[in-house]
Each structure stands twice: as C-alpha cells, then as structure tokens.
Amino acid sequence: LSLAAIGGIDNFVRGQRAKVNDGFFLSRAPAALASAFFVPPEKAFQAMDLLRTVQLESLKGSPGFVWNLPGEFRFINISDSAMLQLAAPGLWLNVEMISFADLPKTDQAWKKAFAKVERYWVEMLGAKPHMGKLWGFEDDMHGVVELFSKSYSCQICRAEQKAAFSAYRSRLDPDGLFASGLGMQLLAHCPA
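Attention in this report is confined to the structure presented alongside it.

Rules and cut-offs
Residues numbered from 1 in each chain as written. Predicted model: local features only at pLDDT ≥ 70, side-chain atom pairs only at ≥ 80, totals over all residues. Heavy atoms only, no water. Helix = DSSP H or I, 4+ residues; strand = E, 2+ residues; numbered from the N terminus. Buried < 20%, exposed > 50% of the residue type's maximum accessible area, 1.4 Å probe, protein only. Contact = heavy atoms within 4.5 Å. Areas by Shrake-Rupley, 256 points an atom, 1.4 Å probe, with all protein chains shown as cover. Salt bridge = Lys/Arg side-chain N within 4 Å of Asp/Glu carboxyl O. Pairing = 2+ DSSP bridges. Axes fitted to C-alpha atoms, helices over the stretch in contact; angles between N-to-C directions. Phe/Tyr/Trp six-rings, centres within 6.5 Å; stacked < 30°, edge-to-face > 60°. Core = buried A, V, L, I, M, F, W, Y, C linked by side-chain atoms within 4.5 Å.

### Comments concerning the overall build of the protein
Item 1. If you tally the helices and strands in the protein, you get 6 helices and 6 strands.
Item 2. Each helix (α) and strand (β) of the protein, taken in turn from the N terminus, gives the series α-β-α-β-β-α-β-β-β-α-α-α.
Item 3. In terms of overall dimensions, the protein has C-alpha extents of about 70 × 50 × 35 Å along its principal axes.
Item 4. Buried residues in the protein amount to 33% of all 192 residues.
Item 5. Contacts spanning at least 24 positions in sequence make up 67% of the contacts within the protein whose residues lie at least 6 apart.
Item 6. Working note: accessible area of the protein is about 12000 Å², and carbon and sulfur atoms make up 61% of it.

So, in structure tokens, the structure goes:
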C-alpha cells in the first residue's frame, strides 16, 4: 500500500497541474481579510491571548462581526537586508488575524474589530505592521474606520530610513514616475 500511495503522488500532481495550472495554486478561493504584525517574541503570549479573547467575545453576540478564521503565527528571523525594513534584525513573532470578507454585515464591523487588535499590538506590544497585509486602521472625524491612515503610516519608518530611501529613489526615478501611492505615505513627514 505504501508503494501504491507514493506512486500515486505523481499522478495526483499531474492531474492537478492540468486542472489548476501547476498543481500548487488555487484557481478559486473566497476573499479573505488579512492583517499581520511583527511582535517581539517575548510578547507572543500577550499577542495571541488578546486575539483569542476578542475572537471568543465575538461568538457571544458581536453586532455585525464574528471572527471566522483562526489566528496564525510563525517565528521569523529577520536579516538586515532591506532599506525600508520595518522590524529590526533578529527573531520576531509574525502574528496574523484573518477573516472571510463576505460574512460581516458591514465593512465597518470588521474594520473596528481589526482596529481593536491592531491598537493593542502596536501600542502595548510594540508591533510593526506587515506591509503586504491590512494595517493603519484609524477612525476619521465621523467615527468611520479606514485603512492605511496617513497619521500612522508616516510614523512607521525612521527618519534616517526615509532620507536614505528618498535619496536612492530620486537617483533611480528623478522624474518621480513611481513616486505615488502608499509608498509615498511611508516616506512622508508627519504633521506636527
């Protein structure tokens, strides 16, 4: 049986490759919301405990939003290799909160839940956002929570990082063709 199982792997991969390109990529998946942060490893328990707490509280009748996917975490050893690296080199916990996008009653319901976790992780645990995920949840003057807030994004990179990258960018892109979007928010000076 073991030989048959091992021999069947090749046929399985070949069949999947024909159906979904190379056998390792999904061709269809539900939309998911994902927000991840780098947390100092000594604060791993506090990070996961808060996420567990808010997830369990949502099951008791949260208005409009119930966490519907488990949190994830992994330990990552970060090297000093990127000019705009947000987390210092060393060992970090990468912790992620995720949920399906189609289930909350409104986008504000999930944004408020994600904002609560983000605030704790950033303010209490010194977490740094993962740039490839959702972050920067902030209430506007009308109490509407939005993503990628300018007042937070301008604080993420250190002043020396901003200066070094701006000099590098202006050498390679002197006309500012690529100077747009969220990247420029990260390089912006924070208003006083």
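Now, onward.
### Regarding the pattern of salt bridges
Item 1. Inspection of the entire model under this criterion finds 9 salt bridges.
Item 2. The salt bridge involving glutamate 72 is made with arginine 74; its shortest N-O contact spans 3.0 Å.
Item 3. Residue glutamate 72 is classed as partly exposed on the basis of its relative accessible area, which comes to 33%.
Item 4. With relative accessibility at 35%, the residue arginine 74 sits in the partly exposed group.
Item 5. Through salt bridges with shared partners, a single ionic network connects Glu72, Arg74, Glu96 and Lys133.

### Observations concerning the sheet that holds strand β4 (residues 128-129)
Item 1. The 4 strands lie next to each other as β2-β3-β1-β4, forming an open sheet whose pairing is antiparallel. Each of the sheet's edge strands pairs with one partner strand only, and the pair in question is β2 (72-78) and β4.
Item 2. Set on the sheet, helix α2 (residues 44-58) makes contact with β1 (32-39), β2 and β3 (90-100); between it and β3 the angle comes to about 5°.

### Points about the packing of aromatic side chains
Item 1. Counted under the stated rule, the structure contains 11 aromatic pairs.
Item 2. With a centroid separation of 6.1 Å and an interplanar angle of 90°, the aromatic rings of tryptophan 110 and phenylalanine 137 are classed as edge-to-face. Placement of the pair is tryptophan 110 in helix α3 (residues 107-125) and phenylalanine 137 in the loop between β4 and β5 (138-139), with a sequence separation of 27 residues. Judged on exposure class, the residue tryptophan 110 and its partner phenylalanine 137 are both buried.
Item 3. Ring geometry for tryptophan 135 against tyrosine 152: centres 6.0 Å apart, planes inclined by 65°, an arrangement best described as edge-to-face. You can see tryptophan 135 sitting in the loop between β4 and β5 and its partner tyrosine 152 sitting in helix α4 (residues 150-156), a full 17 residues away along the chain.
Item 4. Looking at tryptophan 135, the relative accessible area reads 0%, which means it is buried.

### Here we look at the nonpolar core
A general trend in soluble globular proteins is that nonpolar side chains are found buried together.
Item 1. Formed by 31 residues in total, the largest nonpolar core has its most connected members in Trp67, Met97, Phe114, Val117 and Trp121.
Item 2. Ranked by the residues each element gives to this core, the list is headed by α3, at 8 residues.
Item 3. Excluding anything up to four places from it in sequence, phenylalanine 114 contacts Leu33, Ser35, Phe65, Trp67, Met97, Ile98, Ser99 and Phe137.

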